[in-house]
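# Coordinate inspection notes
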Amino acid sequence: MRLTGKLAALGALAATTAAALLVGGATQASAAPNFQMPFKCGYTATAATFSGHKPAYSVDFQKSGITGDAVLASAPGTVTRVDSTAPGESYGKWIEISHGGGWTTRYAHLSAQSVRQGQQVRLGTKIGEAGATGGVTGPHLHYEQRYNGATRKAVLNGRSVPYYGHTSFTSKNSCGGGGGGNPYSPKEVCGSGYSVIDRHALGKAGTVYLMYNASNGKNCVATLKSSSLGKKTPASAFLKPKGGTRAMDSGNYTYYAGPVRKSAAKTCVRWGGSLGDKKYTSPFEHCG
């Protein structure tokens, strides 16, 4: 379903003001947030993209009965626009969020708006409800990722939205794999074949996980944040097999530290991590 009316002019204006910038087919800037699908965890919808869509590289999320479904912030940020166009024109009820570093997202055709201009939102904050306001032929959510005012090809949880076509996506927004709305799970950080065998909470800041892969005899440690998501804060993860060397990943990270992997079949391990001033170090354990 394509946007009509004033949105064509908006697209032209964005293209003019961003003429000196890389757009669309260029590689996403390294500072791009880890954008998530703007729906609740587990929600499946079709991401529809069209040649000639205005603005370019917009995504229409389509699903039967989508009207009234919660629309969530796809990354932390500040609400910069809560606006509405005339009936039958352009965006209808829409919202814009600034995520810093020149990145913004837009959400249009909403049936309801739940935030105000200037409000700080976290990843997964409900900002409105999907609908069919504005220039549409049916209910859907119009979604854009923008860099310095120019629309970019959308990327959701590290997965590029295909252009052009209709592709099913399932939301991981606020699934809480690491608690507190972290879009990553320990298994995603450590990789296929790893299972959690132990964990330790680091206060409200997050959790450090110990995992094991029986197929290769390796342990893996990852520290996942629950607060300050999307912002770089001190985090670490470490692993030391008994009689072996210690491996560590430490730095300022937006969602997690790690993965740290070591071969440790039938070997005791010491493991742990930190988030800010919260730290954990295990004794040598899990020797089987």
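The rules behind each value
- All residue numbers refer to position in the chain's written sequence, counted from 1.
- Where local features are concerned, this predicted model is filtered to residues with pLDDT of at least 70; where side-chain atom pairs are given and counted, the filter is 80 or more; whole-chain, interface and lining totals use all residues.
- Here the side-chain values reflect all heavy atoms present in the structure, with hydrogen atoms and water set aside.
- The working definition used for a salt bridge is a side-chain nitrogen of Lys or Arg within 4 Å of a carboxyl oxygen of Asp or Glu.
- Starting at the N terminus, helices and strands are each numbered in turn, a helix being any DSSP run of H or I of at least four residues and a strand any DSSP run of E of at least two.
- Only protein chains enter the accessibility calculation, which uses a 1.4 Å probe; a residue is then buried when its area is under 20% of its type maximum, exposed when over 50%, and partly exposed in between.
- Here is the rule: rings of Phe, Tyr and Trp (six-membered ring for Trp) pair when centre to centre is within 6.5 Å. Planes less than 30 degrees apart are stacked, more than 60 are edge-to-face, and the remainder are tilted.
- Ring-over charges, as used throughout, are those where CZ of Arg or NZ of Lys falls within 6 Å of the ring centre and within 35 degrees of the ring normal.

By the naming in an unreviewed UniProt entry, the protein chain goes by M23ase beta-sheet core domain-containing protein and is assigned to Saccharomonospora amisosensis.

### Describing the pattern of salt bridges
Tallied over the full model, the rule gives five salt bridges. Ionic pairing is found between Arg106 and Glu96, a salt bridge with its closest N-O pair at 2.8 Å. Of the two residues, Arg106 is situated in strand E6 (residues 103–110) and Glu96 in strand E5 (residues 93–100); the sequence distance between them amounts to 10 residues. Each member of the pair, Arg106 as well as Glu96, carries the same accessibility label: buried. The partner of Glu188 in a salt bridge is Lys172, and the shortest N-O contact between them spans 2.4 Å. Of this pair, Glu188 sits in helix H2 (residues 186–190) while Lys172 sits in the loop between strand E14 (165–170) and H2, and the two are 16 residues apart along the sequence. A residue is classified by how much of its surface remains accessible, and Lys172, at 35% relative accessible area, is partly exposed.

### Considerations on the packing of aromatic side chains
Under the definition given, this model contains 10 aromatic pairs. Centroid distance Trp271 to Tyr280: 5.3 Å. Interplanar angle 65°. Geometry classified as edge-to-face. Side by side, Trp271 and Tyr280 carry an identical accessibility label, which is buried. Taken together through their ring pairs, the aromatic side chains of Phe39, Tyr43, Phe61, Tyr107 and Tyr143 make up a single cluster. The side chain of Lys242 reaches across the aromatic face of Phe284, ending 5.8 Å from its centre. When the ring centre of Phe238 is taken as origin, the NZ or CZ atom of Arg246, which lies over that ring, is 3.8 Å away.

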